[in-house]
Amino acid sequence: MDEKRKKKLIWQLPFLALLIVGTVLIISHQRSMPYRQVTDFVFGTTYKIVYQCDSDLTASIRAELKKVDHSLSPFNKESVITAVNENREVVLDPYFVEVFNQSMDVSRQTEGAFDITVAPLVNAWGFGFKHEQMPTPRQVDSLRQIIGYEKVTLRNGRVHKQDPRIMLDCSAIAKGFGVDVVARLLRDRGVQNFMVEIGGEVVTCGVNAQRLPWRVGVVKPTDDSLSTGHELQTILNVTDKAMATSGNYRNFYYKNGRRYAHTIDPKTGYPVQHSLLSATVLTSSCALADAYATSFMVMGRQRAQQLLERHPELMAYLIYDDGQGDLAVWFSPSLRHKIEE
């Protein structure tokens, strides 16, 4: 080695040593940072947020969720969506606009299987935020006249309806959007390891407190309207992904010996009748995972699989009745490496 190269190496060694020491200190600091937990209620359900941070972000998290509730909750009499449904003048906030546009896109992609105007039918069948008598065929046909995502548009900061009786219900995307909002907040605050869960919809990043990937269970779909059973069908590695599940196995009722599920087909006006029992979707956005999981429950297994072929950015785990009374499973090939045996 010549003298010039020796001198260059001697000058580089201190910088290399400093880099190594700095890296060790950063890793050490990160490992010593506490994992914090926030639990509470929002959107009529529970939430749980686990994150690693020196600072307590509880107040900021709750403030963001309050903004989402004020924008999209039909149970909140002062919310933006309530004002829209009551045809009152209201300033549309950015969260409402974002969710409206996402909803319209999913509606187009699913050919109307996802539809935020379906609320009157959901309520008429005894689900949603109003509880009425089971509708007659004539009532269903009448309500279908004010159902259809093509009948509402967003122009110049206002929602325009073809019929003032049209109502919007974002409950099939709002929980997922709330998860995305909290995840954004955590990322903006520099948090690298977290799990955000609202009513079963999840976004994760990094690792858990045991320095392991985040793992989330998919519940086995059994008739359990009281939500007392939690037997798992499988466990998925969902690190750095959003995940949402929709199913008809918990929100249903029996009347005159017939089972009515809460998923309403916007086109027919009736609860869906097919073999698909549960749809779990993984993608980059929890709002989209939430919306597509609901869409698949409307579409059924075959149509869902056809859509998944056109959208490789989506992964799905579908549980269905095999026709013999047993559960069967289909999942996206790209999901195979995330399934924990």
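Residues numbered from 1 in each chain as written. Predicted model: local features only at pLDDT ≥ 70, side-chain atom pairs only at ≥ 80, totals over all residues. Heavy atoms only, no water.

**Some details on the side chain of Asn237**
How we decide: Secondary structure elements are taken from DSSP: a helix is a run of H or I of four residues or more, a strand is a run of E of two residues or more, and numbering for both begins at the N terminus. Polar contact is the term for a pair of N or O atoms within 3.5 Å; when the atoms are in protein, one must be able to donate a hydrogen and the other to accept it, and sequence-neighboring residues count only if both atoms are side-chain atoms. Here, residues are in contact when the closest pair of their heavy atoms is within 4.5 Å.
Assignment of secondary structure puts Asn237 in strand S8 (residues 232-237). A polar contact of 3.1 Å, which involves the side chain of Asn237, links it to the backbone nitrogen of Thr239. The contacts of Asn237, once residues within four sequence positions are left out, are Pro213, Trp214, Lys338 and Glu340.

**Some points on the sheet that holds strand S2 (residues 45-52)**
Heads up, the rule is: Should DSSP find at least two bridges between two strands, the strands are taken to pair. Angles shown run from 0 to 180 degrees and are taken between the N-to-C directions of axes, each axis being a line fitted to C-alpha atoms and, for helices, limited to the stretch in contact.
Taken together, 8 strands build an open sheet; the order of strands is S1-S2-S5-S6-S9-S12-S13-S14 and the sheet is antiparallel. With partners counted over all chains shown, the strands left at the sheet margins are strand S1 (35-42) and strand S14 (327-331), one partner each. Going across the sheet, the axis of each strand differs from the next one's by a mean of 10 degrees, ignoring polarity. Its contacts with the sheet place helix H8 (residues 286-299) against strand S6 (201-205), strand S9 (242-247), strand S12 (276-283) and strand S13 (315-321), and it is angled at close to 155 degrees to S12. Against the sheet, helix H9 (residues 301-310) engages S12, S13 and S14, with an angle of about 165 degrees to S13.

**Concerning the sheet that holds strand S15 (residues 339-340)**
With antiparallel pairing, the 3 strands of this open sheet are ordered in space as S7-S8-S15. Unpaired on one side and paired on the other, strand S7 (215-219) and S15 mark the two borders of the sheet. As paired elements, S7 and S8 share 5 bridges and run antiparallel to each other. When the sheet's bridge partners are listed, Val218 is paired in S8 with Thr234.

**As for the packing of aromatic side chains**
Spelled out, the test is: Working definition: rings of Phe, Tyr and Trp (its six-membered ring) pair if their centres are within 6.5 Å, and the pair is stacked with planes under 30 degrees apart, edge-to-face with planes over 60 apart, and tilted otherwise. For every residue, the accessible area (1.4 Å probe, protein chains only) is compared with the maximum for its type, and the residue is labelled buried under 20%, exposed over 50%, or partly exposed between those bounds. Placement of a positive charge over a ring is assigned whenever Lys NZ or Arg CZ falls within 6 Å of the ring centre and within 35 degrees of the normal to the ring plane.
For the structure shown, the criterion picks out 4 aromatic pairs. For the pair Tyr292 and Phe296, a centre-to-centre distance of 6.1 Å together with 45 degrees between the ring planes defines the contact as tilted. Here Tyr292 pairs with Phe296, and both are found in helix H8, just 4 residues apart, close to one helical turn. Look at Tyr317 and Phe331: their rings are 6.1 Å apart centre to centre, the planes differ by 5 degrees, and that puts the pair in the stacked class. On the criterion of sequence distance, the pair formed by Tyr317 in strand S13 and Phe331 in strand S14 is long-range, its members being 14 residues apart. Overall, the relative accessible area of 5% leaves Tyr317 in the buried class. What makes Phe331 partly exposed here is its relative accessible area of 21%. Directly above the aromatic system of Tyr320 lies the positively charged group of Arg301, at a separation of 3.9 Å from the ring centroid.

**A look at the pattern of salt bridges**
Quick note on the threshold: Throughout this description, the term salt bridge denotes a Lys or Arg side-chain nitrogen within 4 Å of a carboxyl oxygen of Asp or Glu.
Tallied over the full model, the rule gives 10 salt bridges. For the salt bridge of Arg62 with Asp40, the shortest nitrogen-to-oxygen distance reads 3.4 Å. Of the two residues, Arg62 is situated in helix H2 (residues 58-72) and Asp40 in strand S1; the sequence distance between them amounts to 22 residues. Classification of Asp40 by relative accessible area gives partly exposed; the value is 31%. Glu89 serves as the salt-bridge partner of Arg158, at 3.4 Å between the closest nitrogen and oxygen. Taken together, the residues span a long stretch of sequence, with Arg158 in strand S4 (residues 158-161) and Glu89 in the loop between helix H3 (80-85) and helix H4 (94-109) at a distance of 69 residues. Judged by its relative accessible area of 44%, Arg158 falls in the partly exposed class. Of the residues examined, Glu89 reaches a relative accessible area of 65% and is grouped as exposed.

**Observations regarding unusual backbone geometry**
Residues other than glycine predominantly adopt negative phi, and peptide bonds predominantly adopt the trans conformation. A positive phi angle is found at Asn156, which is not glycine, with a value near 55 degrees. Its relative accessible area of 80% is what places Asn156 among the exposed residues. Notably, Arg211 is not glycine yet its phi reads approximately 65 degrees, a positive angle. Here Arg211 shows up in the loop between S6 and S7. For Arg211, a relative accessible area of 29% corresponds to the partly exposed category.

**Remarks on the environment of Pro221**
Tracing the sequence through the fold places Pro221 in the loop between S7 and S8. On the basis of relative accessible area, Pro221 is assigned to the buried category, the value being 6%. In the structure, Pro221 is positioned 58 residues away from Ala279 in sequence and 9.9 Å away in space, judged by C-alpha atoms.

**Some details on the nonpolar core**
Short version of the rule: Throughout, nonpolar core names a set of buried Ala, Val, Leu, Ile, Met, Phe, Trp, Tyr and Cys residues whose side chains join them through atoms within 4.5 Å.
Formed by 81 residues in total, the largest nonpolar core has its most connected members in Tyr51, Ile61, Phe96, Leu186 and Phe296. Contacts of Leu186, omitting those with residues within four sequence positions, involve Ile49, Tyr51, Leu57, Ile61, Val191, Phe194 and Val196. In this structure, Val50, Val202, Met243 and Ile319 belong to the second largest nonpolar core, which totals 15 residues.

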